[in-house]
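Here is how the chains run, residue by residue.
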Amino acid sequence: MTTARVALVTGGIGGIGTAICQRLARDGFRVFANHHPSEQEAAEAWKNDQAGLGFDIDTIAGDVSSFEDSKRMIDDIQGQHGAVAVLVNCAGITRDKTFKKLDEDAWRAVIDVNLNSVYNVTRNVWEGMLAAGFGRVINISSVNGQRGQFGQTNYATAKAGMHGFTMSLAQEGAAKGITVNTVSPGYVETAMTLAMRDDVREAIVAGVPMRRMGKPEEIASAVAFLVADENGYVTGANLPVNGGLFMH
Ligand code: CAA
């Protein structure tokens with residue numbers, strides 16, 4: 001059994017996921033970075049890169065849009081290392097299209113990967129957290145789940161849904177030592193935002209009061225805050241990290 005607390009970050013080899021994995025590793029967790037099974041080669045290269053930077057982070061394949069594959073992945077981790085103490089649901093994709101062009105595949109893919117994954121993964125770590133009397137679940141949502149976004153009916157629906165999940169599960173975990181919170185990033189420097197058309201991205205960033213995009217490390221810092229033992233009284237919250245793009 002590992003003595004360090006185990007942290008699982010879904011979408012762990014992505015832009016924001018990488019910064020979260022690094023931060024949790026630095027804070028003393030035994031970190032597992034989940035990736036899609038089709039990304040095996042990229043994950044191996046990623047693990048080597050992290051080792052080169054001094055981070056000992058394990059990678060683990062699992063399709064979080066599948067309940068069965070999520071269960072297999074988590075049974076594998078928990079069988080060897082004990083209960084997952086920290087779960088960061090960070091896996092996410094975009095299929096941005098105006099609604100009149102939004103086909104069923106683009107709707108379902110985003111709901112499955114961004115929202116159904118939250119059930120698939122959290123359900124499989126929940127009983128271990130209950131038994132341990134400790135847990136931290138952090139859902140990485142988006143400013144666009146709070147305010148909507150032209151071209152993102154699918155994505156904004158999934159991201160808003162994540163926070164409904166957070167508020168409900170937070171009530172179930174509150175008396176059991178488990179906190180459940182949402183972090184809602186704004187536009188962050190990652191491959192996902194780089195994939196947007198330059199003019200569309202530039203127009204959005206021009207409307208950010210801080211006049212810049214966020215850095216993945218700034219999202220990781222918010223996650224670290226919610227994970228910290230001393231912040232165990234924060235639950236059911238939605239922490240925006242968006243440069244002032246949306247306030248409420
Ligand atoms: N509000 C109102 N109208 C708008 C608009 C807006 N924000 N943006 C565009 N329009 C209008 C255009 O003026 C145009 O009007 P006409 O047809 O009358 O000329 C019409 O809508 C078509 O617009 P586009 O040219 O943008 O349509 P498109 O099909 O080429 O592009 C799109 C559609 C790809 C969805 C594009 O609008 C887009 O990229 N939107 C931004 C999506 C976005 O913010 N994605 C974030 C990705 S990163 C992420 O998701 C991480 C995170 O959490 C923040």
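Here the structure is a predicted model, which is why all the values come from computation and not from measurement.

> Give me the site of the ligand: which residues, what numbers.
Near the ligand you find 19 residues, and of these Asp 96, Ser 142, Gln 152, Tyr 155 and Tyr 187 are the closest. Within the side chain of Tyr 155, a nitrogen or oxygen atom sits 2.7 Å from an oxygen atom of the ligand. Within the side chain of Arg 197, one N or O atom sits 3.1 Å away from an oxygen atom of the ligand. Taking 1100 Å² as the accessible area of the ligand by itself, protein coverage stands at 56%. Those elements that provide at least two residues to the shell around the ligand are α7 (191–194) and α8 (198–206). In terms of residue class, the shell around the ligand is made up of seven nonpolar, eight polar and four charged.

> Any chance you could break down the layout of surface pockets for me, citing the residues and the numbers?
The computed volume of the second largest pocket comes to approximately 170 Å³. What lines the second largest pocket is a set of 15 residues, among which Gly 214, Glu 218, Val 241, Asn 242 and Gly 243 lie closest to the centre. Looking at the lining of the second largest pocket residue by residue, the class counts come to seven nonpolar, five polar and three charged.

> Would you mind going over the side chain of Asn 124 in detail, with residue names and values included?
With respect to the element layout, Asn 124 can be found in helix α4 (residues 104–132). Take Asn 124: its relative accessible area is 14%, and that puts it in the buried class. Within polar-contact distance, the side chain of Asn 124 engages the backbone oxygen of Asn 120 at 2.7 Å. When near neighbours in sequence (up to four residues on either side) are disregarded, Asn 124 contacts Phe 67, Ser 70, Lys 71, Ile 74 and Gln 78.

> Tell me about the packing of helix α1 (residues 15–26) against helix α9 (residues 216–227), and please be specific about residues and values.
Where α1 contacts α9, the two axes come as close as 8 Å, and the packing angle between them is 50 degrees. It follows from the interaxial angle that α1 and α9 lie oblique. Considering the relative orientation of α1 and α9, their crossing is right-handed. For the pair α1 and α9, the contacting residues are Gly 15, Ile 16, Ala 19, Ile 20, Arg 23 and Leu 24 in the first and Pro 216, Glu 217, Ile 219, Ala 220, Ser 221, Val 223, Ala 224 and Val 227 in the second.

> With reference to specific residues and values, describe the pattern of salt bridges.
Under the criterion given, the structure shown has twelve salt bridges. Across the pair Asp 58 and Lys 47 runs a salt bridge whose closest N-O atoms are separated by 3.7 Å. Here Lys 47 lies in helix α2 (residues 40–52) and Asp 58 lies in strand β3 (residues 58–61), a separation of eleven residues in the sequence. The exposure class of Asp 58 is buried, given its relative accessible area of 17%.

> Can you lay out the side chain of Asn 114 for me, pointing to particular residues and giving the numbers?
Within the element layout of this structure, Asn 114 appears in helix α4. Looking at Asn 114, the relative accessible area reads 0%, which means it is buried. Engagement of the side chain of Asn 114 in a polar contact is seen with the backbone nitrogen of Ile 93, the distance being 2.9 Å. Contact partners of Asn 114, with chain neighbours within four places excluded, come to Ala 91, Gly 92, Ile 93, Tyr 155, Ala 158, Lys 159 and Met 162.

> Go over α2 with me, naming the residues and quoting the values.
Since the α-helix packs 3.6 residues into each turn, any two residues three or four apart lie on the same face. Over its 13 residues, α2 runs 19 Å from end to end, which matches the ideal 18 Å to within 8%, given 1.5 Å per residue. Considered for burial, the residues of α2 that qualify are Ala 43, Trp 46 and Gln 50. The buried residues of α2 all sit within an arc of 60 degrees when viewed along its axis, so they share a single face. The exposed set on the far side of α2, more than 90 degrees from its buried face, consists of Glu 41, Asn 48 and Gly 52. Where α2 is buried, its residues meet α1, β2 (30–35) and β3. Where α2 terminates, the next one or two residues include Gly 54, which has phi positive at roughly 95 degrees.

> Let's hear about the environment of Arg 23: which residues, and what values?
Structurally, Arg 23 can be placed in helix α1. As a C-alpha pair, Arg 23 and Ala 220 span 197 residues in sequence and 6.3 Å in three-dimensional space. Once residues within four sequence positions are removed from consideration, Arg 23 is found in contact with Ala 220, Ser 221 and Ala 224.

> Tell me about the packing of aromatic side chains, and please be specific about residues and values.
One pass over the full model with this rule turns up one aromatic pair. Geometrically, the ring pair formed by Phe 67 and Tyr 119 is stacked, given 5.7 Å between the ring centres and 25 degrees between the ring planes. Taken together, the positions of Phe 67 in helix α3 (residues 67–81) and Tyr 119 in helix α4 put the pair 52 residues apart, joining distant regions of the chain. Look at Phe 67 and you get partly exposed, because its relative accessible area is 26%. Above the ring of Phe 134, the side-chain terminus of Arg 5 is found at 3.9 Å from the ring centroid.

Cut-offs used in this document
- Residues numbered from 1 in each chain as written.
- Predicted model: local features only at pLDDT ≥ 70, side-chain atom pairs only at ≥ 80, totals over all residues.
- Heavy atoms only, no water.
- Near = heavy atom within 4 Å.
- Polar contact = N/O pair within 3.5 Å; in protein donor to acceptor, adjacent residues only side chain to side chain.
- Areas by Shrake-Rupley, 256 points an atom, 1.4 Å probe, with all protein chains shown as cover.
- Helix = DSSP H or I, 4+ residues; strand = E, 2+ residues; numbered from the N terminus.
- Nonpolar A, V, L, I, M, F, W, Y, C, P; charged D, E, K, R; others polar.
- 1 Å grid on protein atoms, 1.4 Å probe; cavity = no way out; pocket = protein on both sides within 12 Å on 5 of 7 lines; lining within 4 Å.
- Points joined across faces, edges and corners; volume = space filled by probe spheres on them.
- Buried < 20%, exposed > 50% of the residue type's maximum accessible area, 1.4 Å probe, protein only.
- Contact = heavy atoms within 4.5 Å.
- Axes fitted to C-alpha atoms, helices over the stretch in contact; angles between N-to-C directions.
- Parallel < 35°, antiparallel > 145°, perpendicular 65-115°, else oblique.
- Left-handed = near helix turned anticlockwise from the far one by under 90°.
- Salt bridge = Lys/Arg side-chain N within 4 Å of Asp/Glu carboxyl O.
- Expected span 1.5 Å × (residues − 1).
- Arc of directions from axis to C-beta.
- Phe/Tyr/Trp six-rings, centres within 6.5 Å; stacked < 30°, edge-to-face > 60°.
- Lys NZ or Arg CZ within 6 Å of the ring centre and 35° of its normal.

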